[in-house]
Amino acid sequence: MENKTKALIILDGSEENERSIKFALKSNVFKFDEISLFFILHPVNPVNQIREKQLLYHDFVHDHGTKLANMYVEKIESLILSEKPEMKISNSIVNSKTNILERISMQDISFSLISGNKENKLNYILLSKNFNYFLKNIKPIIFIPENFNFDDKLNNNLVSKYSNNLFNKEIINFFINDENNILNFNKLTFLFSKENEKFEIEKFIEKIPKNKYEFELINSREKITESLQKINNNENIIFNYAPKIKSYFWNNFSKNSNFSLINSKFPIIFNNY
């Protein structure tokens, strides 16, 4: 049986979240055969049923919200099929972000896409606590910034900052091994700040078949966002990040937090293995 590559796209009905749809259709970075749309319908006017401790809804509000959600998903499916008539699409409409993990546990999802603008306070998905939840539990998750413009005439450059788990077997398999056939990059760029980091990167590069990629090593002690700004603008930059999951505060509110990275103008692939 032929393996199919399936992309899970997380939506909440906002225009910011639709950016991931446009990126998936217009870019050639990700290669996939199927799309699974996952619409999170934020609960409205919940009513607690005390005895059974279940979350209930006023029938009118809940039914109306579900009807609108179905109309929205149908619109998105029509948009996708107008661009890619051959694309196979499935969808799920749920009211909790935890349902995403249940869907991913089926192990047929290759990667997940989300887009948005964290400054939009009405964006339910990108509340900091929700983003931290996704970061810890969805592997890999790709964040597409609202203002990113992909140019299919340019080469694709995957930029990675050195970290202890950058060369984790699962991450290497996802990005390097041919059998995955998911990502399309012409160049791999590595950021390092110490000589021992450079040495490890060079040893890693030796394991990759020759002529598969162009390589670049950059010595940088700057913040990630500052380093990315200085890399060749004549390329489509995609940043690969293998974050450390520390405290809730560090991951969301510190100056160098994982959450702060999504202010970058470049797509970010978060790999937490």
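Structure: see above.
Nothing here was measured: the structure is a model prediction, and the numbers come from that model.

A. Quick look at the packing of aromatic side chains. By the definition in use, this model includes ten aromatic pairs. Here the aromatic rings of Phe39 and Tyr72 are separated by 5.4 Å at their centres, their planes lie at 55°, and the arrangement is tilted. Of the two residues, Phe39 is situated in strand β2 (residues 34-40) and Tyr72 in helix α2 (residues 59-83); the sequence distance between them amounts to 33 residues. For Phe39, a relative accessible area of 6% translates into the label buried. Aromatic ring contacts, followed pair by pair, group Phe23, Phe30, Phe32, Phe111, Phe148 and Phe150 into a single cluster.

B. Quick look at the pairing of strand β9 (residues 187-192). Burial within β9 is extensive, with six of its six residues counted as buried. Side chains of β9 alternate between two faces, with Lys187, Thr189 and Leu191 and Leu188, Phe190 and Phe192 buried alike. As defined by bridge partners, strand β8 (residues 155-161) adjoins β9 across five bridges and the pair is classed as parallel. Each bridged residue has a counterpart across the sheet, and for Lys161 the counterpart in β9 is Leu191.

C. The arrangement of unusual backbone geometry in detail. Put simply, Lys139 and Pro140 share a cis peptide bond, and its omega is -15°. With respect to the secondary-structure elements, Pro140 resides in the loop between α4 (128-137) and β7 (141-145). One non-glycine residue, Gln107, lies in the positive phi region at around 65°. In this structure Gln107 comes out as exposed when scored by relative accessible area, which is 73%.

D. Broad picture of the pattern of salt bridges. Here the structure, examined in full by the defined rule, presents nine salt bridges. Notably, a salt bridge pairs Glu34 with Lys6, separated by 3.2 Å at the nearest N-O pair. Taken together, the residues Glu34 in strand β2 and Lys6 in strand β1 (residues 6-11) connect sequence positions 28 residues apart. Judged by its relative accessible area of 11%, Lys6 falls in the buried class. The closest approach of N and O atoms between Lys203 and Glu206, which form a salt bridge, is 3.7 Å.

Cut-offs used in this document
- Residues numbered from 1 in each chain as written.
- Predicted model: local features only at pLDDT ≥ 70, side-chain atom pairs only at ≥ 80, totals over all residues.
- Heavy atoms only, no water.
- Phe/Tyr/Trp six-rings, centres within 6.5 Å; stacked < 30°, edge-to-face > 60°.
- Helix = DSSP H or I, 4+ residues; strand = E, 2+ residues; numbered from the N terminus.
- Buried < 20%, exposed > 50% of the residue type's maximum accessible area, 1.4 Å probe, protein only.
- Pairing = 2+ DSSP bridges.
- Salt bridge = Lys/Arg side-chain N within 4 Å of Asp/Glu carboxyl O.

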